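Descriptive analysis of the structure
Okay, here's what each chain looks like letter by letter:
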Amino acid sequence: MFNGIISIRNKNGEEKVKIERPGGSLSPIWSICWNPSREERNDILAVADWGQKISFYQLSGKQIGKDRALNFDPCCISYFTKGEYILLGGSDKQVSLFTKDGVRLGTVGEQNSWVWTCQVKPDSNYVVVGCQDGTISFYQLIFSTVHGLYKDRYAYRDSMTDVIVQHLITEQKVRIKCKELVKKIAIYRNRLAIQLPEKILIYELYSEDSSDMHYRVKEKIIKKFECNLLVVCANHIILCQEKRLQCLSFSGVKEREWQMESLIRYIKVIGGPPGREGLLVGLKNGQILKIFVDNLFAIILLKQATAVRCLDMSASRKKLAVVDENDTCLVYDIDTKELLFQEPNANSVAWNTQCEDMLCFSGGGYLNIKASTFPVHRQKLQGFVVGYNGSKIFCLHVFSISAVEVPQSAPMYQYLDRKLFKEAYQIACLGVTDTDWRELAMEALEGLDFETAKKAFIRVQDLRYLELISSIEERKKRGETNNDLFLADVFSYQGKFHEAAKLYKRSGHENLALEMYTDLCMFEYAKDFLGSGDPKETKMLITKQADWARNIKEPKAAVEMYISAGEHVKAIEICGDHGWVDMLIDIARKLDKAEREPLLLCATYLKKLDSPGYAAETYLKMGDLKSLVQLHVETQRWDEAFALGEKHPEFKDDIYVPYAQWLAENDRFEEAQKAFHKAGRQREAVQVLEQLTNNAVAESRFNDAAYYYWMLSMQCLDIAQADRAQKDMMLGKFHHFQRLAELYHGYHAIHRHTEDPFSVHRPETLFNISRFLLHSLPKDTPLGISKVKILFTLAKQSKALGAYRLARHAYDKLRGLYIPARFQKSIELGTLTIRAKPFHDSEELVPLCYRCSTNNPLLNNLGNVCINCRQPFIFSASSYDVLHLVEFYLEEGITDEEAISLIDLEVPRPKQDNRQQEIANSSSQILRLVETKDSMGDEDPFTAKLSFEQGGSEFVPVVVSRLVLRSMSRRDVLVKRWPPPLRWQYFRSLLPDASITMCPSCFQMFHSEDYELLVLQHGCCPYCRRCKDDPGP
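Below is a summary of the structure that appears in this document. (Residues numbered from 1 in each chain as written. Predicted model: local features only at pLDDT ≥ 70, side-chain atom pairs only at ≥ 80, totals over all residues. Heavy atoms only, no water.)

**Structural notes on the overall build of the chain**
Put simply, the rule reads: Helix numbers and strand numbers start at the N terminus; a helix is a DSSP run of H or I with at least 4 residues, a strand a run of E with at least 2. Between buried and exposed lies partly exposed: a residue is buried under 20% and exposed over 50% of the maximum accessible area for its type, with that area taken using a 1.4 Å probe on protein chains only. Contacts are assigned to residue pairs with any non-hydrogen atoms lying within 4.5 Å of each other. Throughout, the Shrake-Rupley method with a 1.4 Å probe supplies accessible areas, and for residues the shown protein chains are the sole cover considered.
For the chain, the helix and strand inventory stands at 30 helices and 48 strands. For the chain, buried positions account for 48% of its 1033 residues. Once local pairs closer than 6 in sequence are excluded, the contacts in the chain between residues at least 24 apart make up 43%. As presented, the chain carries roughly 52,400 Å² of accessible surface, and 49% of it is formed by carbon and sulfur atoms.

Shown next, in the form of structure tokens:
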């Protein structure tokens, strides 16, 4: 508004934002315009007022930046289509161009009256101006390219006031804001010069790093200059004004000046020491000069008839490329001034900075690359070439420069066609594909340029050809000079086998051709190079052919070839791998027995193929008895192994030890023990049984544990018999294991009764077993046996059978033990209910001593012996009743054989007087029956002895004489015939009508009926598991 206020309203006219400006009515607003750019993050409003200011605001009303002063009253303001520039016109009678930030760039056009309106044609640089006098003017704005290039750094103007420096290799960019119109740009090494309307700024890099992009201001020359071209050096700037060149220091002092004959069309810094750089200058009259900044005199390089448009000098400063006004590229030799060649349709040219003989030029929409004097390689490309570094060509198109990666394949192949391998390698180093590198390597190798080929193969990392080149170089060092032979090796590596064979033959090395064809399995060609029937070569060829047949999955043909070549081992390996047993045994039978290696291999394969008979035949042919034994053992052909062991006792251990282990693994422990015994390996047998026993106890298989402990005891007895040094220790273990076997055998029934829902044993049996265990358990209860289960069973069965006193004692004992939760309720209930029962035991359950006829209490503090005579009770191994047996001992001097013969006599005896004599000493008391001449009648001497009343507390064993032995009946006597070093044990049955059976293996006693029933049920002894059909010991 005229009062300086801005009101922003919606389409309905409602005010949304109100901007009150500081000037108020003194700065009436004459023109406003929104920035049309969509790239701006905020909507921007440009405001021009007659306070001679231009301001910028956001939609929210916030001002952007400061007010920018004008020297006239603005009457119109307009944005370019993309919002990058602003047009302003007013009382100064001209149209001015500003940046979008309000920086004045220059005048578009001057008029004769005030400018009241100006507009930009959409998406173009055309401007229309309307004035107060009614005139309309139409202008076209041309924005020229302001830029500078030095090697891989390119600087150009952006937005008229900024300079962007771009690294063409790394694609890094840095922007330098000058906030004024940038007129000229020059760049050289680490220097950057920017010409502004009133000054020149000199920048330098922070470091010498080639990739550094950080510039800082080094010098400012506050002075206005007018020039056509600007060049910067290390310590100077060069101003070009038509025909004149001026050299100024960075402080603005003019040091030198050069006046040319014609207009200067092109100038370029070509390098040199700091302060002494050289300039390449091209004039309109065709002169080309070299000027040094520290020298007043210009050097004329050459003079041509046409004007110069573009110049460049080769890397070695020996060649000069010129583009003239006729679009012709001319290349001169600087030293001789000779025109080397020329090419048409060129507008710019650049030499490769890494290769002396390569240049590129652009023109007509094409990029042309020329190497040496070869034809030009052309490809489409828009723009001007401004640089050529290695395989990268820098091209300027419109306002941007780009790095184009150009493969150097075409010039490389041009050199290869002329066999110039070293030059081709130099071109390849600029950048070619892996395929091109391989082609260069192959061409150089065939041309016998091994140095170049080696470098090229290193590039493609082909170790195979590198090894070939290395071997050829070694051979050359040793004095070989036959190039045909070298080339033949190269052809063979390349797969050109027929050419290689011809060269081998020409060089007199037919054997190499034979070897090559043989390795390639080209046997038909190989036969052409065989010598005059040399058997070694023929054998080698057949062997190679067999190898080939084997590799192509023709095994039978390979076997036949190997056999014909005498390679029996390879033939056997193929037969064995394919399982051809018939062919294996045929080969084995044809072989001589002296050929041990193939025979042994045959036997090994036959054994693997489950043909032990054929393998045994092969081992016999070789005479290898040890391997034959091992074969029988591995195949478990024990009969053949035992037969061989009988003939050759030295293999006894090799047979019986594995046999015993096999038996143990198959639960045939009795046989395993015998096998271990035969092999003399008692310790192994004991270790196996101990492990099995521990496992059985841990798994609560107490019946098996009892059996294994009995087996262990018998094993210990065998060791005691065989090794006198270990006799005492082994006998101690024997008695210990026998005791454990009895305990676990009885506890098995208790454990099953408490764990299983149903019991197979009668209450009387469980009662007897629990009493037996309670009286037999040592202080250290064996592993796995539970006192709680024993006492619980005893209490339960005692209560059921009427032994209330014993049941009360068992329940009292249980109170002091840890009770599992599942028994807790039953034991607590039983403890309460037993209180209601009488405090005595049933007389029917009281055990009787058959020696002294004394009734023993159910709870015996002495254990399983009589409280009167101390005679140990003999229990049935099934019902655990006290058997009517009394153990007796032989009088000194009577052997076991004599005692058995006396008992077996059963002849009438003369009447004699027998007296009883008691002999006492400090360690024992012995009751002896002696013969007298007085007649005793028909009374049994053994029965008379049993009626003796003992007054002492020590056990007095029954010792019998020969007369007493003769008086005994054979059917009343049971004998435990222990093997040495144990003595036999003798027992007399006092109730001959009640039959008792003793197992001949474990010597456990049973009621005959019980034993027969158990044997019928299990097929063996329930204690030692001796089968009923096995003969006795």
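**Things to note about helix 25 (residues 804-814)**
Taken together, the buried positions of helix 25 are Tyr-804, Leu-806, Ala-807, Arg-808, Ala-810, Tyr-811 and Leu-814. For helix 25, the elements touching its buried residues are helix 23 (763-776), helix 24 (787-801) and helix 26 (821-833).

**A closer look at unusual backbone geometry**
In this chain, Pro-980 is followed by Pro-981 through a cis amide linkage whose omega measures 10°. Among the structural elements, Pro-981 can be located in the loop between strand 45 (973-976) and strand 46 (985-989). Unusually for a residue other than glycine, Phe-1003 sits at a positive phi of about 65°. On the basis of relative accessibility, which here comes to 5%, the residue Phe-1003 falls in the buried class.

**Let's talk about the pattern of salt bridges**
When their charged atoms lie close together, side chains carrying opposite charge are able to pair. The test is simple: Should a side-chain nitrogen of Lys or Arg be within 4 Å of a carboxyl oxygen of Asp or Glu, the pair is scored as a salt bridge.
Scanning the entire structure with this criterion turns up 33 salt bridges. Among the charged side chains, a network of salt bridges with common partners joins Glu-699, Arg-701, Asp-704 and Arg-1025.

**Focus on the packing of helix 1 (residues 409-417) against helix 3 (residues 434-446)**
Our working definition: For helices, the fitted line uses only the C-alpha atoms of the stretch in contact; every axis is such a line through C-alpha atoms, and the angle between N-to-C directions lies from 0 to 180 degrees. Relative orientations are named as follows: roughly parallel for angles under 35 degrees, roughly antiparallel for angles over 145 degrees, roughly perpendicular for angles from 65 to 115 degrees, and oblique for any other angle. All residues other than Ala, Val, Leu, Ile, Met, Phe, Trp, Tyr, Cys, Pro, Asp, Glu, Lys and Arg, Gly among them, are scored as polar; the first ten of these are nonpolar and the last four charged.
In the contact formed by helix 1 and helix 3, the axes pass within 11 Å of each other and the chain directions differ by 5°. One element, helix 1, and the other, helix 3, form an angle in the roughly parallel class. On the side of helix 1, the interface is formed by Ser-409, Met-412, Tyr-413 and Leu-416, while helix 3 contributes Asp-436, Glu-439, Leu-440 and Glu-443. Residues of the contact of helix 1 with helix 3, tallied by class, amount to four nonpolar, one polar and three charged.

**Observations regarding the packing of aromatic side chains**
To keep it simple, the criterion reads: A pair of aromatic rings is counted whenever rings of Phe, Tyr or Trp (Trp by its six-membered ring) have centres within 6.5 Å, and the orientation is called stacked for planes under 30 degrees apart, edge-to-face for over 60 and tilted otherwise.
Applying the stated criterion across every chain yields a total of 25 aromatic pairs. Relative to Trp-114, the ring of Trp-50 has its centre 6.2 Å away and its plane inclined at 80°; by these criteria the two rings are edge-to-face. Taken as a pair, Trp-50 in the loop between strand 4 (44-49) and strand 5 (53-58) and Trp-114 in the loop between strand 10 (104-110) and strand 11 (115-120) lie far apart in primary sequence, 64 residues in all. The exposure class of Trp-50 is partly exposed, given its relative accessible area of 25%. Between the aromatic rings of Trp-114 and Trp-116, the centroid separation amounts to 5.9 Å while the plane-to-plane angle is 35°, which identifies the pairing as tilted. The class of Trp-116 is partly exposed, set by a relative accessible area of 32%.

**A short note on the side chain of Thr-452**
Within the fold, Thr-452 resides in helix 4 (residues 450-460). Setting aside chain neighbours within four positions, we find Thr-452 in contact with Phe-421, Lys-422, Tyr-425 and Ala-444.

**Observations regarding the packing of helix 23 against helix 24**
Quick reminder of the rule: Left-handed describes a crossing whose near helix is turned anticlockwise from the far helix by less than a right angle; the clockwise case is right-handed.
Across the interface, helix 23 lies against helix 24 with an axial gap of 9 Å and an inter-helix angle of 135°. Put simply, helix 23 runs oblique to helix 24. Where helix 23 crosses over helix 24, the two elements pack in a sense that is left-handed. Touching Pro-763, Glu-764, Leu-766, Phe-767, Ser-770, Arg-771, Leu-773 and Leu-774 of helix 23 are Ile-790, Leu-791, Thr-793, Leu-794, Gln-797, Ser-798 and Leu-801, all from helix 24. Class assignment for the residues of the contact of helix 23 with helix 24 results in nine nonpolar, four polar and two charged.

**With respect to the nonpolar core**
What counts here: By nonpolar core we mean a set of buried residues, namely Ala, Val, Leu, Ile, Met, Phe, Trp, Tyr and Cys, connected to one another through side-chain atoms within 4.5 Å.
Core analysis: the largest hydrophobic core is formed by 64 residues, its most contacted members being Trp-710, Tyr-744, Leu-773, Leu-885, Met-1005 and Cys-1021. Counting only elements with at least two residues in this core, the list comes to helix 20 (682-698), helix 21 (702-722), helix 22 (727-755), helix 23, strand 47 (996-998), strand 48 (1005-1007) and helix 30 (1008-1018). Residues within four places of Trp-710 in sequence aside, it is in contact with Gln-738, Ala-741, Ser-1001, Cys-1002, Tyr-1023 and Cys-1024. The next biggest cluster of nonpolar side chains, apart from the first, holds 49 residues, and it includes Ile-187, Tyr-188, Tyr-215 and Trp-258.

**A word on the pairing of strand 8 (residues 85-90)**
Convention followed: Strands are labelled as partners when DSSP assigns at least two bridges between them.
Burial of strand 8 is extensive: six of the six residues sit out of reach of the surface. A two-sided burial pattern is seen for strand 8, the buried positions comprising Tyr-85, Leu-87 and Gly-89 on one face and Ile-86, Leu-88 and Gly-90 on the other. Between strand 7 (residues 74-79) and strand 8, which pair antiparallel and follow one another directly, the connecting turn spans five residues, one of which, Gly-83, has a positive phi of 80°. Across five bridges, strand 8 lies against strand 9 (residues 94-99) in antiparallel orientation. Considered in strand 9, the bridge of Leu-88 is made with Ser-96. As consecutive antiparallel partners, strand 8 and strand 9 are separated by three residues, and within that stretch Lys-93 has a phi angle of approximately 60°, a positive value.

**A look at the sheet that holds strand 18 (residues 184-188)**
Spatially, four strands are ordered 18-19-20-21 in an open sheet, and the strand pairing comes out antiparallel. Only two strands of the sheet have a single neighbouring strand rather than two, namely strand 18 and strand 21 (215-221). Across the sheet, the mean angle separating the axes of adjacent strands is 20° when strand polarity is ignored. Of the strand pairs in this sheet, strand 20 (residues 200-205) and strand 21 are connected by six bridges, and their pairing is antiparallel. Looking across to strand 21, one finds that Leu-205 is bridged to Tyr-215.

**Things to note about the sheet that holds strand 34 (residues 348-351)**
Read from one edge to the other, the open sheet built from four strands follows the order 34-35-36-37, with strand pairing classed as antiparallel. Looking at strand neighbours, the two that pair on one side only are strand 34 and strand 37 (377-380), the edges of this open sheet. Across the sheet, the axes of successive neighbouring strands diverge by a mean angle of 20°, strand direction being ignored. Relative to strand 36 (residues 366-371), strand 35 (residues 358-363) runs antiparallel, the two sharing six bridges. The residue bridging Leu-359 from the neighbouring strand is Lys-370, located in strand 36.

**Examining the environment of Leu-743**
Examined against the element boundaries, Leu-743 turns out to sit in helix 22. Each C-alpha atom, one on Leu-743 and one on Ile-769, is 9.5 Å from the other, the two residues being 26 residues apart in sequence. Discounting chain neighbours no more than four positions away, the residues touching Leu-743 are Leu-773, Ser-776, Leu-777, Pro-778, Pro-782 and Ile-785.

**Remarks on the pairing of strand 19 (residues 191-195)**
In summary, the side chains of a regular strand alternate between the two faces of the sheet. Among the five residues of strand 19, five are classified as buried, and the element is accordingly described as predominantly covered. Here five bridges tie strand 18 to strand 19, and the two strands are oriented antiparallel to one another. Note on strand 19: the bridge partner recorded for Ile-185 is Ile-194. Connecting strand 18 to the antiparallel partner strand 19 that follows it, the hairpin turn spans two residues, and Arg-189 within it adopts a positive phi of roughly 50°. Across five bridges, strand 19 lies against strand 20 in antiparallel orientation. What sits directly across from Gln-195, in strand 20, is Ile-200. Between the antiparallel neighbours strand 19 and strand 20 lie four residues.

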